[in-house]
Amino acid sequence: MKELKSYLSQYENPRILDIGTGKGDFIAMIDYVYQDYSEIIGIDIVDYLLEMDESAFENNPKIKWMDLDVLETTFPKNSFDIISLSNTLHHIKDIKSMFNQMVEMLKPGGIIILSELISSNDLSEKQISHQLLHSFAAKIDHELNKVHSQIFSKENVMQAIEMYSPLPVDAIWELETKSFDEEITLEDLYRLVDGLLKNVKDSPKFEQYKEEAIAIKDYLQENGFSYATTICVVLKKQ
Ligand SMILES: C[S@@+](CC[C@H](N)C(=O)[O-])C[C@H]1O[C@@H](n2cnc3c(N)ncnc32)[C@H](O)[C@@H]1O
């Protein structure tokens, strides 16, 4: 994570917006490598995730949560030094408008950190846990009529940036998450699976989802968890 730290520490007390924050995993990652930010605001449209973890940072008054669609934000122009978008690109209906919105909210000299889990045929057993969790979440969201594609390839991510980002790429690297993986407990992951399952409790396919959830939990218990391959792309506003 030295690249992430090196980018974050270029800014003095940066104000950060985390889009599609979910239960705040990327905020936790930022806070793990760099604490000298003035504020991090996490926004998301899915309140079940926000609800699940709104207590996670309750002792940190610099972190705030908002139930907000990135396409409907009303933050003034040039509000943030850093905008992060982690594992969210494949959830967005209108990628072009989202990029335009992000660029408006970004201060000159500011950066967008886009990190995205990518498909790979070369995963360890622990990393397969991440992929299993992802495809379960995508399936549940699909049942709930939410936009959630299966994992993008690296080419898909780079094509989306090339087509829609008004800002040039400043750097790209593979995110090293080894030390961060150790912070995630089996209970955290079980809670995530249970939270997803709860959302389809009224579905006629609930029993099927429940069986899948049990199989995923068994796999997690047996194999542990590690993030699958994730790329980080930095886009810089001049
Ligand atoms: C896979 S989660 C990513 C969570 C976290 N950032 C991470 O890296 O693990 C993607 C999130 O994007 C959110 N999302 C999708 N469309 C959005 C939008 N238009 N505005 C804000 N959040 C959105 C979803 O609700 C979901 O919680």
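As the structure is a computational prediction, the values presented were derived from the model and not from experiment.

How each quantity is defined
- Residues numbered from 1 in each chain as written.
- Predicted model: local features only at pLDDT ≥ 70, side-chain atom pairs only at ≥ 80, totals over all residues.
- Heavy atoms only, no water.
- Axes fitted to C-alpha atoms, helices over the stretch in contact; angles between N-to-C directions.
- Helix = DSSP H or I, 4+ residues; strand = E, 2+ residues; numbered from the N terminus.
- Parallel < 35°, antiparallel > 145°, perpendicular 65-115°, else oblique.
- Left-handed = near helix turned anticlockwise from the far one by under 90°.
- Contact = heavy atoms within 4.5 Å.
- Salt bridge = Lys/Arg side-chain N within 4 Å of Asp/Glu carboxyl O.
- Buried < 20%, exposed > 50% of the residue type's maximum accessible area, 1.4 Å probe, protein only.
- Near = heavy atom within 4 Å.
- Polar contact = N/O pair within 3.5 Å; in protein donor to acceptor, adjacent residues only side chain to side chain.
- Areas by Shrake-Rupley, 256 points an atom, 1.4 Å probe, with all protein chains shown as cover.
- Nonpolar A, V, L, I, M, F, W, Y, C, P; charged D, E, K, R; others polar.
- Core = buried A, V, L, I, M, F, W, Y, C linked by side-chain atoms within 4.5 Å.
- Phe/Tyr/Trp six-rings, centres within 6.5 Å; stacked < 30°, edge-to-face > 60°.
- Lys NZ or Arg CZ within 6 Å of the ring centre and 35° of its normal.

Caption draft 1: Here's a closer look at the packing of helix α5 (residues 125–143) against helix α9 (residues 206–223). As a packed pair, α5 and α9 sit with axes 9 Å apart at the nearest point and diverge in direction by 160 degrees. Compared by their axis directions, α5 and α9 come out roughly antiparallel. Regarding α5 and α9, the two cross each other, and that crossing is left-handed. Mapping the contact onto sequence places Glu 125, Lys 126, Ile 128, Ser 129, Leu 132, Leu 133, Phe 136, Lys 139, Ile 140 and Glu 143 in α5 and Tyr 209, Glu 212, Ala 213, Ile 216, Tyr 219, Leu 220 and Asn 223 in α9.

Caption draft 2: Molecular detail of the pattern of salt bridges. Enumeration according to the criterion identifies eight salt bridges in this entry. For the salt bridge of Lys 64 with Glu 39, the shortest nitrogen-to-oxygen distance reads 2.7 Å. Of the two residues, Lys 64 is situated in strand β3 (residues 63–67) and Glu 39 in strand β2 (residues 39–44); the sequence distance between them amounts to 25 residues. Overall, the relative accessible area of 38% leaves Lys 64 in the partly exposed class. It is possible to trace a salt-bridge network through shared partners that takes in Arg 15, Glu 39 and Lys 64.

Caption draft 3: Structural context of the site of the ligand. What surrounds the ligand is a group of 16 residues, the closest being Gly 20, Asp 44, Val 46, Asp 69 and Ser 86. Separating an oxygen atom of the ligand from a side-chain N or O atom of Ser 86 is a distance of 2.5 Å. About the coverage of the ligand: the protein hides 88% of its 600 Å² of free accessible area. Here the residues of the shell around the ligand are counted per class, giving six nonpolar, seven polar and three charged.

Caption draft 4: Representation of the nonpolar core in the model. Formed by 42 residues in total, the largest nonpolar core has its most connected members in Leu 4, Leu 8, Met 29, Ile 113, Leu 133, Phe 136 and Trp 173. Listed by contribution, the elements that provide at least two residues to this core are α1 (2–8), α2 (25–33), β5 (106–117), α5, β6 (169–174), α8 (186–198), α9 and β7 (230–236). Once residues lying within four places of it in the same chain are set aside, the contact partners of Ile 113 are Leu 4, Leu 8, Phe 26, Ile 82, Ile 83, Ser 84, Leu 85, Cys 232, Val 233 and Val 234.

Caption draft 5: Structural context of the packing of aromatic side chains. Evaluation of the coordinates by the stated rule reveals three aromatic pairs. Note on Phe 75 and Phe 80: the rings are 5.1 Å apart at their centroids and 85 degrees apart in plane angle, and the pair reads as edge-to-face. Per residue, the accessibility class of Phe 75 equals that of Phe 80, and both read buried. Judged by centre distance (5.3 Å) and plane angle (75 degrees), the rings of Phe 225 and Tyr 227 are edge-to-face. Tyr 227 sits in the buried class, given a relative accessible area of 10%. The lysine or arginine in question, Lys 217, covers the ring of Tyr 190, its NZ or CZ lying 5.1 Å from the ring centre.

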